[in-house]
Amino acid sequence: MSNLSQPIVQIKEVTKRIGSKTIIDNLSLDLPQGEVFGFLGPNGSGKTTTIRMMVGLMRMSKGDIIIGGSSIRTDYEKAIRHVGAIVENPEMYKYLTGYKNLLHYARMVPGISRNRIDEVIGLAGLDKRIDDKVKTYSLGMRQRLGVAQALLHKPSLLILDEPTNGLDPAGIRELRDYLRRLAAEEGTTVFVSSHLLSEMELMCDQVAIIQAGKLIDLRSLRPGGGASVGGTGLPAQVLFEVDQPDEAARVLQETIRTPDGVPVRLQVRAGEGAIVLDALRDDIAELNALLVAGGIRVYAIRSLSKSLEDQFLEVTGGESVV
Amino acid sequence: MFDFAALVANENMKIFRRVRSWIMLGLLVLLTAAISIIASVTASSTIKMWDMTSMELMILIPLANIFCVIIAADIVASEFTNGTIKLLLIRPWTRSKVLLSKYVSLLIFVLITLAVVYVSTLLINSLVFGYEGGVMAQQVFGVLDPGMSAWSYMNQYFLLQLVSFIVTVTLAFMISAVFRSSALAIGLSLFIVLMSEVLSQLFSLVNKPWVDYVLFQHLNLTKYLRMDAALGGSNQDMMTLGFSLAVLAGYYIVFMALSWFVFTKRDVAA
Ligand SMILES: Nc1ncnc2c1ncn2[C@@H]1O[C@H](COP(=O)(O)OP(=O)(O)OP(=O)(O)O)[C@@H](O)[C@H]1O
Ligand SMILES: [Mg+2]
């Protein structure tokens, strides 16, 4: 793992307009290296469109995307070298065997050996059927072949658009474990879009939520991203009702830092007169003490612990298709 | 450059791993064999090898052209229709190079197809009717130039056919890149190629100077082999091979430019 602080992907103020419709609206997002990053959003919110722009299938109307230091816009061949991807459905050449499909993609990147092809076939669990034509494959098998093709050149960024689509529970679990291992052991950044919120919860370090082309929320699902004063357990969202939310935020951000020295991430809900942050149970009393010491009046402390699904419905307003 | 060869190898694999391509090439050989054998069995008078070749070419060349046009119309559009274009493009290659690899492998297919016709007509007819050497083109192909041998005619004929094949497949290739739908691209390209003879005749009725620049008036280049110096020089009104080639070159450049522009610039939403 090289420099962890340098994001592998920087999405910079990207806007996509098709006709008069703005599909992606000024989206900015940094993906840190070695994380599994979830990309959530209701149908039609622009997940696939964002991914298409990240891999150069669509042009941005505005903004830029930098992958591994190269712009996908001006230095495509270099930027895309870092990327392995599945975009929407895993369409393969049906009249070729699974093996020939992999060979096809392997030839397009120098330095992929036959051994590597066999290795990814093993990883995808396709050993038995790899010499059959893809037209005889089931959806899940094609999805596995799609993952295999994305892994061939050991990309440092893996972009998977709904990779669990069509996989059986065992397959989903295998994929999840594999992606986590990739991120942890090889420092691969994994960017996954999915509708299966519970899946994301189990798999991701961070999730970004988009709706109608706008980034509406970014949250950490792992210990370390939230407030930690040394307590144990898993962090949960906690809401503090206070008299001056902005002042309270300032007090906490001045005192509490994550292990990397970044001020604690919190959300100010001025309307409700509250601030919300991730904290461990043991830290809640500590946080309260800090606020009180800072001259803030605390009226209530509530745990907002919810499943990601609830949070998702909450932030997206439970709307269906936009 | 070696790497680019890998892209072409991929495209060739996608052409030749399909049964379709083998049926096309096989059909050209089978049809030649069938016509020759049936003719040799049923004919009352003796048939000469070159005469049969000349006759078969009139059937096989248009058929070969149709096959090449089908492959050309499908080669880009099928990637869009099947959605495979996405995985094809997200590799460390610019779109131009991906498109060029497709075009190169298409030209290879055209060369192979014409070679199959060339070899199978000559070989099968030599086997069935016996090889006949020292024949002049005047006797079998109706050429005016008395000094041209049958072999020389065959070679020039195929060279000129290659030129018009390249123009028609490039037209189909452009349609393929622009419409992105296999069915539409194949249908439209075939329609144009099949109608070109009829359209050519229709246009020749029009008495306007621009008619000389219509594509269809120039796709049949082999007619220049038959008229040749004797007649061509005396008739001022007659178009020349050079003029036809220049017009075709103009169309060719337009087809290529459009294919490249559309393929490299447009968003992929397949
Ligand atoms: N080629 C296109 N032309 C016009 N509008 C488009 C085009 N492609 C996508 N859109 C619109 O862009 C929006 C975002 O689509 P996108 O496919 O990115 O959504 P998504 O988040 O991937 O949805 P899903 O969860 O259903 O996969 C939708 O409203 C869609 O109608
Ligand atoms: Mg999608």
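Shown above is the structure to which this text applies.
Residues numbered from 1 in each chain as written. Chains lettered and ligands numbered in written order. Predicted model: local features only at pLDDT ≥ 70, side-chain atom pairs only at ≥ 80, totals over all residues. Heavy atoms only, no water.

**Focus on the overall build of chain B**
When helices and strands are counted, chain B shows 10 helices and zero strands. When the helices and strands of chain B are read in sequence order from the N terminus, they spell out α-α-α-α-α-α-α-α-α-α. Taken over the C-alpha trace, chain B has a radius of gyration of 20 Å; the compact-globule value for 270 residues is 18 Å, and the two agree within 12%. Along the first, second and third principal axes, the C-alpha atoms of chain B reach 60 × 45 × 35 Å. Counting only residues that meet the buried cut, chain B has 50% of its 270 residues in that class. In chain B, of all internal contacts separated by at least 6 residues, the share reaching a separation of at least 24 is 79%. Accessible surface, chain B as shown: approximately 12,100 Å² in total, 71% of it carbon and sulfur. Between the averaged position of the 16 positive side-chain charges in chain B and that of its 13 negative side-chain charges there is a distance of 15 Å. (Helix = DSSP H or I, 4+ residues; strand = E, 2+ residues; numbered from the N terminus. Rg over C-alpha atoms; globule rule 2.2 N^0.38 Å. Buried < 20%, exposed > 50% of the residue type's maximum accessible area, 1.4 Å probe, protein only. Contact = heavy atoms within 4.5 Å. Areas by Shrake-Rupley, 256 points an atom, 1.4 Å probe, with all protein chains shown as cover. Lys, Arg positive; Asp, Glu negative; His and termini not counted. Charge placed at Lys NZ, Arg CZ, Asp CG, Glu CD.)

**Describing the pattern of salt bridges**
Residue and element names in this part refer to chain A. Summed over all chains, the structure comprises 22 salt bridges over all chains. Ionic pairing is found between Arg 144 and Asp 168, a salt bridge with its closest N-O pair at 3.9 Å. Placement of the pair is Arg 144 in helix 5 (residues 139–151) and Asp 168 in the loop between strand 7 (157–161) and helix 6 (169–186), with a sequence separation of 24 residues. Look at Asp 168 and you get partly exposed, because its relative accessible area is 43%. (Salt bridge = Lys/Arg side-chain N within 4 Å of Asp/Glu carboxyl O.)

**With respect to unusual backbone geometry**
Residues other than glycine seldom take positive phi values, yet Lys154(A) does so here, at roughly 50°. Among the secondary structure elements, Lys154(A) is positioned in the loop between helix 5 and strand 7. Residue Lys154(A) is classed as exposed on the basis of its relative accessible area of 53%. Even without being a glycine, Arg180(B) presents a positive backbone phi close to 60°. With respect to the helices, strands and loops of the structure, Arg180(B) is situated in the loop between helix 7 (150–179) and helix 8 (182–205).

**So, the interface of chain B and chain A**
With 30 residues of chain B in contact, the opposing surface of chain A contributes 29 residues. Roughly 3,000 Å² of surface becomes buried between chain B and chain A when both sides are summed, with 57% attributable to carbon and sulfur atoms. Considering only the surface of chain B that becomes buried against chain A, Ile90(B), Arg91(B) and Pro92(B) emerge as the three largest contributors, covering 22% of it. Put simply, Asp267(B) and Lys16(A) hold a salt bridge, and the shortest N to O gap is 2.5 Å. At the boundary of chain B and chain A, one finds 19 residue pairs in polar contact (both at pLDDT 80 or more). Listing elements by their share of the side of chain B that touches chain A, those giving two or more residues are helix 1 (2–16), helix 3 (49–82), helix 4 (85–89), helix 5 (95–129) and helix 10 (241–265) of chain B. Looking at the side of chain B that touches chain A element by element, the count peaks at seven residues for helix 1 of chain B. Per-class residue counts for the side of chain B that touches chain A are 13 nonpolar, six polar and 11 charged. (Buried area = accessible area lost by both parts, 1.4 Å probe. Polar contact = N/O pair within 3.5 Å; in protein donor to acceptor, adjacent residues only side chain to side chain. Nonpolar A, V, L, I, M, F, W, Y, C, P; charged D, E, K, R; others polar.)

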